[in-house]
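Reading the structure
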Amino acid sequence: DTEVTQTPKHLVMGMTNKKSLKCEQHMGHRAMYWYKQKAKKPPELMFVYSYEKLSINESVPSRFSPECPNSSLLNLHLHALQPEDSALYLCASSQGPRQRAFFGQGTRLTVV
Amino acid sequence: AQTVTQSQPEMSVQEAETVTLSCTYDTSENNYYLFWYKQPPSRQMILVIRQEAYKQQNATENRFSVNFQKAAKSFSLKISDSQLGDTAMYFCAFGLDKLIFGTGTRLQVFP
């Protein structure tokens, strides 16, 4: 199994809502990542988890809260988002940052 | 800090022809990894090819090959025998403690 599965594929939420994005992999990878990608732009790293511990936070606003419940799962909790947070959110996993990263298909988030 | 530059926002090529996408990067590190990722309209990022900086030999994966010039900090991707399915956004990426992506090159393959 070489897949990274992200749910949901699409999400529309209001600025007062709380929602969560989910990511799952069963490749035994110890590093998991959240990226944000705006249209026609490269992915921007948000968070890195290594061995289930947060190792990198790229100065992401606190309205985004990551969680790694176990080595296979990665969540991104969303609260009080702004319309400018609308983007494609990509999850990825790898054996390490210098190894091949496998990406999910992303969640297209729209904040209204 | 590392930076990755892709100077070609868009490229086009006819089916069966060869095209080269450019990438330059800047780093003071010696051991790192370089990647080319492809993102088709389906949105999923797919690894095309990976190069280890300590290896002088250029990586090759079927129709895809790189020209890695470490001293010049250049890492171009050559796609031979282009196919319609190669139409996608291509991102060059630098890997050390994290992946840093270039701005991307949109490649269109025409029949």
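As shown above, the structure is provided for reference.
Now for a look at the structure at hand. (Residues numbered from 1 in each chain as written. Chains lettered and ligands numbered in written order. Predicted model: local features only at pLDDT ≥ 70, side-chain atom pairs only at ≥ 80, totals over all residues. Heavy atoms only, no water.)

Along the backbone of chain B there are 0 helices and 12 strands. For chain B, the N- to C-terminal ordering of α and β elements is β-β-β-β-β-β-β-β-β-β-β-β. For 111 residues, the compact-globule estimate of 2.2 N^0.38 gives 13 Å, and the C-alpha radius of gyration of chain B, at 13 Å, lies within 12% of that figure. When the backbone C-alpha atoms are referred to their principal axes, chain B occupies close to 40 × 25 × 20 Å. (Helix = DSSP H or I, 4+ residues; strand = E, 2+ residues; numbered from the N terminus. Rg over C-alpha atoms; globule rule 2.2 N^0.38 Å.)

A complete count under the given rule lists 14 aromatic pairs over all chains for this structure. Ring centres of A:Y35 and A:F103 lie 5.7 Å apart, and the angle between their planes is 45 degrees; on these two criteria the pair is classed as tilted. Of this pair, A:Y35 sits in strand 4 (residues 31-37) while A:F103 sits in strand 10 (residues 102-103), and the two are 68 residues apart along the sequence. Classification of A:Y35 as buried rests on a relative accessible area of 1%. Note on A:F103: relative accessible area 3%, which makes it buried. Ring geometry for B:Y25 versus B:F94: centroids 6.1 Å apart, planes at 40 degrees, classification tilted. Placement of the pair is B:Y25 in strand 4 (residues 24-26) and B:F94 in strand 10 (residues 88-95), with a sequence separation of 69 residues. Note on B:Y25: relative accessible area 5%, which makes it buried. (Phe/Tyr/Trp six-rings, centres within 6.5 Å; stacked < 30°, edge-to-face > 60°. Buried < 20%, exposed > 50% of the residue type's maximum accessible area, 1.4 Å probe, protein only.)

Glancing now at the nonpolar core. In this structure, B:Y25, B:Y32, B:W36, B:F75, B:L77 and B:Y90 are the most contacted members of the largest nonpolar core, which totals 27 residues. Those elements giving two or more residues to this core turn out to be strand 3 (19-21), strand 5 (33-39), strand 6 (46-52), strand 8 (64-69), strand 9 (74-79), strand 10 and strand 12 (105-110) of chain B. In terms of residues, this core owes the most to one element, strand 10 of chain B, which gives 4 residues. Among all residues touching B:Y32, those that are not within four sequence positions of it are B:Y25, B:T27, B:Q51, B:E52, B:A53, B:F68, B:K70, B:F94, B:G95 and B:L96. Ranked by size, the runner-up nonpolar core spans 24 residues in total, among them A:M13, A:A87, A:Y89 and A:L109. (Core = buried A, V, L, I, M, F, W, Y, C linked by side-chain atoms within 4.5 Å. Contact = heavy atoms within 4.5 Å.)

Another aspect to go through is the state of the cysteines. The final tally for this structure, using the stated rule, is 2 disulfides over all chains. One disulfide in the model links A:C23 with A:C91; its S-S distance is 1.8 Å. Between A:C23 and A:C91, the disulfide has an S-S torsion of -70 degrees and is therefore left-handed. Note that A:C23 is positioned in strand 3 (residues 18-25) and A:C91 in strand 9 (residues 87-94), a separation of 68 residues in sequence. Exposure class is identical for A:C23 and A:C91. Each is buried. For B:C23, the disulfide goes to B:C92, at an S-S distance of 2.0 Å. On the sign convention where negative means left-handed, the S-S torsion of about -70 degrees between B:C23 and B:C92 marks this disulfide as left-handed. (Disulfide = S-S within 2.5 Å.)

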